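For reference, the chains in residue letters:
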Amino acid sequence: MSETDLTDPFGRRIEYVRVSVTDRCDLRCSYCMPRGFRDFEEPEDWLTFDELERVMAAFARLGTRRIRLTGGEPLVRRGLPVLARQLSALPGVEDISLSTNATRLARSATELRDAGIRRINVSLDSLRPEVFKQVTGGKLEKVLDGLMAAKAAGFHPIKINMVVMAGVNEDEVEDMVRFCLEHGFTLRFIETMPMGDTGREAIGHFVDLQKVKARLAKRFELLPGVMPGGGPARYVKVAGSDLHIGFITPISQHFCATCNRVRLSVDGTIYTCLGNEHHLELRPRLRAGCSDADIEDAIREAIRLKPERHEFNEKPEKIVRFMSMTGG
Ligand code: SF4
C-alpha cells in the first residue's frame, strides 16, 4: 500500500467513503429499521463535525476522492450544510453526494447545493401513497415535494433508489420508469439484503432484478449505459431518451470484485464491508488526542481488515446491524 492511496488485501483501490452522520431516521422502512425502534447512539458518542473533518481529511490524504453523506436520514442531523461545506473544502475531495429519503429536502435543497453537494440519491419505493405508507410509515407527498425542490435547486443527476419487493411494489416498476422519464431522474432498482432481522424478513419479498430487467426489455428498448459515480449499479439506457436505469444486485449478481468503498458510522467506526462485521473504532483514538498521522495509520489498519466479499447468500443470519446503522 503506497503512502497516498488505499489498496485492500485484494488489490482494490478504496477511494470512496460513505459517511453516516446519524443512525436516526424519521421513517421506518420495512427492510431497514423496525417500527418503534429507539435504541440509537447517544449524541455525545457521535463524531462532531470537526472530528469528521479531521477523519475525512486523513482519508483524502490517502486518496479518497468521493464522500457520500448518509444516515439513517442525514437531514435529521442539524447543520448538515455546515459539514458539507467543511468536507467539500478538503484538498483532494472531488465529489460530495447525499443519500436521503427527501422528507426534509424541500427546505434545505438550495442550502445543500450552495454547500457543495452536487448529486443526490433519493429513496422512493412507491408512487402510491398507501403503499408508500405501508413500506415506510411516512407521507409520499413530502418526498415528492423534496424531489421537486432538489430539481429546482439544480441537482443533477438526481437518482431514485427503489427497493423492489414481491407482493409489495413489484407491480410499480413500469410506473417508476415512466415517472423518471417524465422528470429526468435516473432510476436504480435495488435487491433486498439480509441486514438485521428486518433485512432478513424483507428477503421473503426478494425479487431477482435480472427478471425485472428482462421484463423491462419487453416494454422498452434498452441500450448499454454508463453513469458517473463510484457505486455498484450496472446501467442500461432507454433508447430515444436520457433515462438511465441501474440495477444493484448484491444477491443475484454481486459486485464485490470491484468494491472501492468503506463506511464510517456516526460513532466513528470504520466498517470495511456492508456484508461483514470487520471494523475499527476511531473515536477512542480521536478522543485520546491522537495525531493526524495516527489517524492515517488507523485507516490503513482498517483497510487491511477488508474482506473479499459479502456472504449474504451463504450466511444470511450473519449481519445483526440494520442498514440504517451504516447508511446502506
Ligand atoms: S458487500 Fe462488501 S465487498 Fe461487497 S461491494 Fe459491498 S462493501 Fe464491497
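What comes next concerns the included structure. (Residues numbered from 1 in each chain as written. Predicted model: local features only at pLDDT ≥ 70, side-chain atom pairs only at ≥ 80, totals over all residues. Heavy atoms only, no water.)

1. Structural notes on the pattern of salt bridges
Then step 1. This model, assessed by the stated rule, comprises 25 salt bridges.
Then step 2. R283 is the salt-bridge partner of D45, the closest N and O atoms lying 3.9 Å from each other. Note that D45 is positioned in the loop between β1 (16–20) and α1 (49–61) and R283 in helix α9 (residues 283–287), a separation of 238 residues in sequence.
Then step 3. Judged by relative accessible area, D45 falls into the partly exposed class, the value being 24%.
Then step 4. For the salt bridge of D175 with R128, the shortest nitrogen-to-oxygen distance reads 3.8 Å. Of this pair, D175 sits in helix α6 (residues 173–183) while R128 sits in the loop between β4 (119–123) and α4 (129–136); the two residues are 47 residues apart in sequence, bridging distant segments of the chain.
Then step 5. You can call R128 partly exposed: its relative accessible area is 28%.
Then step 6. Through salt bridges with shared partners, one network takes in E15, R66, D95 and R119. (Salt bridge = Lys/Arg side-chain N within 4 Å of Asp/Glu carboxyl O. Helix = DSSP H or I, 4+ residues; strand = E, 2+ residues; numbered from the N terminus. Buried < 20%, exposed > 50% of the residue type's maximum accessible area, 1.4 Å probe, protein only.)

2. Here's the deal with unusual backbone geometry
Then step 1. Between G71 and the following residue, G72, the backbone shows a cis peptide bond with an omega angle of 5°.
Then step 2. Counting through the fold element by element, G72 comes out in the loop between β2 (66–70) and α2 (80–88).
Then step 3. Cis geometry marks the peptide bond from H156 to P157, where omega comes out at -5°.
Then step 4. Looking at where P157 falls in the secondary structure, it is placed in the loop between α5 (140–152) and β5 (158–163).
Then step 5. Look at A102: it is not a glycine, yet its phi comes out positive at around 65°.

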